[in-house]
Each structure stands twice: as C-alpha cells, then as structure tokens.
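Report on the structure
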Amino acid sequence: IMTRMEKICTLFAITMFFLISQGMNADELVVRHATGGQATALEIEGEYWYQSLGDKLVVIRKHGNGQLATRMLTTYPAEASCTDLIVHDQTMYALLDNSGVVTFSLRSANVPMVVNRQNAASLGIVPHDLVMVGDWPVVIGSGGAVRLTDGKQIVSTEGNITGIGMSMDRGIVYATNGQLVDADT
C-alpha cells in the first residue's frame, strides 16, 4: 500500500512527464503575444518568416535572431489590417481587409520593398481572399477574381466568389452564391 506522500509524488511525476512530452513533440507555432496589431497571416519563404501584424509586415529570420525588418502595409497607420499573405516567384502579395492588395518584391528577401498598391477600385472587385489557381496568384471577392501577376480580371460576376480553381476540361471554375460555375459559360 502506497503512503500519501508516495501517491502525491507519483501523481506529480506523471503530470510532469505529460507536460514535458507535450513540449518535446510540439509541431506548430503559436503566437501568444503581438504588438502593433493582431497577428493574422504568416508566410514562410526560404530563410524568412513574413508575419502580418495589423497594418505592418514583420520579417523574422526562420532560425532565430529576432526581427529583421518592419514594413508598413498601408499609406497611413491603422488604415487597414492585413488578413492574408501569399508568395509567388520572389513576389509577396498582402491582402488588406476588403480594401486592397499590396505587392512586395522579395529580391532582397530580408527587406521586402513595396512595388505596387491596388485598392478595390483599381482591382475592380472588393477583395476577400488570396488563392493560387494553378501557377497564378489570384485575389477573389465580391465582383470577381483578378490575376495578380498582370492585373487581369479573369472572372467578373455580380456575386461574391468564395472559391476558385482550374479544371482540366472546363477551365476556370468558381463558387458563388452556393453554386459552382464554369467561367467559360
């Protein structure tokens, strides 16, 4: 029969074992605190992490040594928050909550440079999401879909596009108002 102290020590040892094993088997990043805005989007490209914090883009070295650079995503503070990031061919696109897309060059990956700013009017849609359609980075939203590499509107519609893809036999197919639509027809 175990004494009370043995029971307490055994329970403590089991608890510590589970806590330590959870820490050793961690396989995801959890941001517990961020200053400057809510951390909503993260892209990992090469040796760098690109993290959106409200109206800023923060560049962090993948294997430590802290923050390398901070870039404003908006033309003035608190204008909008970044809700999505996508990287394609040394270019990063940052979606500003329903208001526009900022394009960054990653030629100098540790210090991204703003190349272009497009608002909803210049895109011709109210942007909601960034997605990859085949090899194309695309912004989708209310009014259609725009290919970001050349600014061409690839879908124009009255509704809100919630998903888009490339079909082998139908070309571009998208979801709007609970329906799947073939863009060619």
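Residues numbered from 1 in each chain as written. Predicted model: local features only at pLDDT ≥ 70, side-chain atom pairs only at ≥ 80, totals over all residues. Heavy atoms only, no water.

1. Notes on the sheet that holds strand β6 (residues 91-96)
Sheet strands associate in pairs through backbone hydrogen bonding, adopting either a parallel or an antiparallel arrangement. Heads up, the condition is: We call two strands paired when DSSP finds no fewer than two bridges between them. Secondary structure elements are defined from DSSP: runs of H or I of at least 4 residues count as helices, runs of E of at least 2 residues count as strands, and each element is numbered from the N terminus. Axis lines are fitted through C-alpha atoms, for helices just across the contact stretch, and the angle between N-to-C directions can take any value from 0 to 180 degrees.
Within the open sheet, the 4 strands sit side by side as β5-β6-β7-β8. Their pairing is antiparallel. Both outer strands of the open sheet, β5 (82-88) and β8 (113-119), are each paired with one neighbouring strand and no more. When strand polarity is set aside, the average angle formed by the axes of neighbouring strands in this sheet is 20 degrees. Examined bridge by bridge, strand β7 (residues 100-105) and β8 share 6 bridges and lie antiparallel to one another. Looking across to β8, one finds that G100 is bridged to N119.

2. As for the sheet that holds strand β9 (residues 126-133)
Sheet architecture is open: 5 strands sit in the order β9-β10-β11-β12-β13, paired in antiparallel fashion. Looking at strand neighbours, the two that pair on one side only are β9 and β13 (179-182), the edges of this open sheet. With direction set aside, neighbouring strand axes in the sheet form an average angle of 35 degrees. Across 6 bridges, the pairing between strand β11 (residues 153-167) and strand β12 (residues 171-176) is antiparallel. Across the sheet, I164 pairs through a bridge with Y174, a residue of β12.

3. Overview of a nonpolar patch on the surface
The line we're drawing: Patch members must show over 30% relative accessible area and no salt bridge, and they are joined within 9 Å when carrying like charges or within 5 Å when they are nonpolar side chains of Val, Leu, Ile, Met, Phe, Trp or Tyr. Per-residue and other accessible areas follow the Shrake-Rupley method at a 1.4 Å probe size, with only the shown protein chains counted as cover for residues. By definition, a salt bridge exists where a carboxyl oxygen of Asp or Glu is found within 4 Å of a side-chain nitrogen of Lys or Arg. To sort residues, take the accessible area from a 1.4 Å probe on protein chains only and compare it with the maximum for the residue type: under 20% means buried, over 50% means exposed, and anything in between is partly exposed.
A grouping of F12, M16, L19 and I20 is seen on the molecular surface, where their side chains present a nonpolar patch of about 410 Å² in accessible area. With a relative accessible area of 33%, M16 lands in the partly exposed category.

4. Brief notes about the pairing of β6
Burial of β6 is extensive: 6 of the 6 residues sit out of reach of the surface. Side chains T91, Y93 and L95 project from β6 onto one buried face, and the interleaved M92, A94 and L96 project onto a second face that is buried too. As defined by bridge partners, β5 adjoins β6 across 6 bridges and the pair is classed as antiparallel. Considered in β6, the bridge of D84 is made with L95. Taking the residues that link successive antiparallel strands as the turn, the β5-β6 hairpin has 2 residues, and the phi of D89 there is positive, at about 50 degrees.

5. Describing the pairing of β9
Sheet topology note: the β9/strand β10 (residues 136-147) ladder contains 7 bridges and is antiparallel. Paired with P127 across the strands is G141, a residue of β10.

6. Observations regarding the side chain of Q51
The condition that has to hold: Distance and chemistry together define a polar contact, namely a pair of N or O atoms within 3.5 Å, with one atom able to donate a hydrogen and the other to accept it when in protein, and with adjacent residues in sequence counting only for side-chain atoms on both sides.
By the secondary structure assignment, Q51 is in strand β2 (residues 48-53). The exposure class of Q51 is buried, given its relative accessible area of 10%. A distance of 2.9 Å separates a polar side-chain atom of Q51 from the backbone oxygen of A41.

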